[in-house]
Amino acid sequence: MAEVLVLAEHTGGGEVKKVTAELLTAARRLGSPSVVWTGPGAEAAAGRLAEFGAGRVYVADSADFGDYPVAPAAELLARLVAAKSPAAVLIAGTTEGKEIAGRLAVKTSSGVLTDAINITAGAGGAPAAEQPNFGGAITVHSRVTKGTPIIAVRPNAVSAEPAPGAAQLVPVEFAASAAAKAAKVTERAVADKGTRPDLTEAQIVVSGGRGTGSADGFKIIEELADSLGAAVGASRAVTDAGWYPHAFQVGQTGKTVSPQLYVAIGISGAIQHRAGMQTSKTIIAINKDPEAPIFEIADLGIVGDLFTVLPQLLDEVGARKG
Ligand SMILES: Cc1cc2nc3c(=O)[nH]c(=O)nc-3n(C[C@H](O)[C@H](O)[C@H](O)COP(=O)(O)OP(=O)(O)OC[C@H]3O[C@@H](n4cnc5c(N)ncnc54)[C@H](O)[C@@H]3O)c2cc1C
């Protein structure tokens, strides 16, 4: 079976990010998945990678991946593409992942598809990707017609399903070229995320909009998120007003999320907001305006004042948690 390369997203300490399991699941539809591991931690991660069907794990344990952003990973993948002629390369559709995908496409003269929300084996086994366009109004089915298909897959879009694999560790010698060292990481600051899950990886996202009225009013969004173990998101109206940090903005010019559950509270549902959340599996909207466009895409809609609805919802969640 054709080999499919999957670039692992991990914390560096051997902790595999959830999106890697999702990529492995998608890769199994196309062939035999092999993980490409950059930096340390592969031994600790092998069990988890085996659980999701990784046959081999190409381990390039070089400090270059930590010292220089993006370019060394693209270079390593280009070398592996030349050596292994894989059927496809799957990369997480994160900010970094998309840049690696673009660089790899240039290096290998291949086509690249980003923001894929599904991958299937198309005619003749060639990978076909589904991409939402125009804020999710149109779904495009695309295929790469030149070189090795390189596909950046949106986190949370594919459900990770286990399947056993050998996860055989294969060391790969790697030292980044001078060109790949043009930009150096000079400092790292750990983001203070508290105990909440990462916005783009969370199973549940609770987002608030202008309807919350103020930074103080927005606190009830955090409260609901915490009661559900969810990440907090915000519309641009909220982040532009300074009620919540920009890092949590969902939408065209913010983060793209695809959780199991997205709760949109006091958000009208402008196309630019929908672009970042429309592929969520279940959408609940709470809005006092029954004509708000968010209801067009909601699976469940509650028409009401959020400051009346949310306290009741919090009580109910609290009661169910006992
Ligand atoms: C180039 C460009 C890029 C953009 N990128 C983004 C982006 O990435 N993300 C994004 O979100 N926006 C983006 N926008 C802005 C977008 O067009 C909207 O202006 C924005 O999403 C509106 O935010 P909102 O829904 O919170 O506010 P509003 O549109 O003002 O909606 C507020 C909603 O709250 C409801 N409401 C009010 N009070 C209550 C209450 N007490 N209880 C219940 N409901 C209540 C109202 O009925 C209304 O529907 C972008 C715009 C442009 C031009």
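The shown structure was predicted, so the numbers you read here are calculated from the model rather than taken from an experiment.

## Quick look at the packing of aromatic side chains
A complete count under the given rule lists three aromatic pairs for this structure. Taken together, a centroid distance of 5.0 Å and an interplanar angle of 20 degrees make the contact between phenylalanine 65 and phenylalanine 174 stacked. Of this pair, phenylalanine 65 sits in helix H3 (residues 64-67) while phenylalanine 174 is found in the loop between strand S10 (168-171) and strand S11 (204-208), placing the two residues 109 residues apart along the sequence. Of the two residues, phenylalanine 65 and phenylalanine 174, neither departs from the other in class, the shared state being buried. Taking the centre distance of 4.6 Å and the plane angle of 35 degrees together, the rings of phenylalanine 218 and tyrosine 244 count as tilted.

## Some details on the pattern of salt bridges
Summed over all chains, the structure comprises twelve salt bridges. Notably, a salt bridge pairs glutamate 75 with arginine 79, separated by 3.2 Å at the nearest N-O pair. In this pair, glutamate 75 and arginine 79 both sit in helix H4 (residues 71-84), four residues apart, roughly one turn of the helix. In this structure, the salt-bridge partner of arginine 103 is glutamate 99, at a minimum N-O distance of 3.1 Å. Pair noted here: arginine 103 and glutamate 99 are both in helix H5 (residues 95-108), with a separation of four residues, about one helical turn. Residue arginine 103 is classed as partly exposed on the basis of its relative accessible area of 36%. For glutamate 99, a relative accessible area of 38% translates into the label partly exposed. A single network of salt bridges, built from pairs that share partners, joins Arg196, Glu222 and Asp226.

## A closer look at the site of the ligand
In the vicinity of the ligand, 24 residues are found, and the nearest of them are Arg210, Ser235, Thr253, Ser268 and Asn287. In the model, an oxygen atom of the ligand is placed 3.4 Å from a nitrogen or oxygen of the glycine 254 main chain. Measuring from an oxygen atom of the ligand, one finds a side-chain N or O atom of serine 268 at 2.7 Å. When residues of the shell around the ligand are traced back to their parent elements, those giving at least two are helix H7 (236-240) and helix H8 (271-274). Looking at the shell around the ligand residue by residue, the classes come out as five nonpolar, 14 polar and five charged.

## Some details on the sheet that holds strand S7 (residues 127-133)
Within the open sheet, the three strands sit side by side as S6-S7-S8. Their pairing is antiparallel. If you trace the sheet from one side to the other, it starts and ends with strand S6 (118-121) and strand S8 (138-143), each paired once. Adjacent strand axes in the sheet meet at a mean angle of 25 degrees, parallel and antiparallel pairs treated alike. Pairing analysis gives six bridges linking S7 to S8, with the strands arranged antiparallel. Its bridge partner lying in S8, glutamine 131 is registered against valine 140.

Calculation rules
Residues numbered from 1 in each chain as written. Predicted model: local features only at pLDDT ≥ 70, side-chain atom pairs only at ≥ 80, totals over all residues. Heavy atoms only, no water. Phe/Tyr/Trp six-rings, centres within 6.5 Å; stacked < 30°, edge-to-face > 60°. Helix = DSSP H or I, 4+ residues; strand = E, 2+ residues; numbered from the N terminus. Buried < 20%, exposed > 50% of the residue type's maximum accessible area, 1.4 Å probe, protein only. Salt bridge = Lys/Arg side-chain N within 4 Å of Asp/Glu carboxyl O. Near = heavy atom within 4 Å. Polar contact = N/O pair within 3.5 Å; in protein donor to acceptor, adjacent residues only side chain to side chain. Nonpolar A, V, L, I, M, F, W, Y, C, P; charged D, E, K, R; others polar. Pairing = 2+ DSSP bridges. Axes fitted to C-alpha atoms, helices over the stretch in contact; angles between N-to-C directions.

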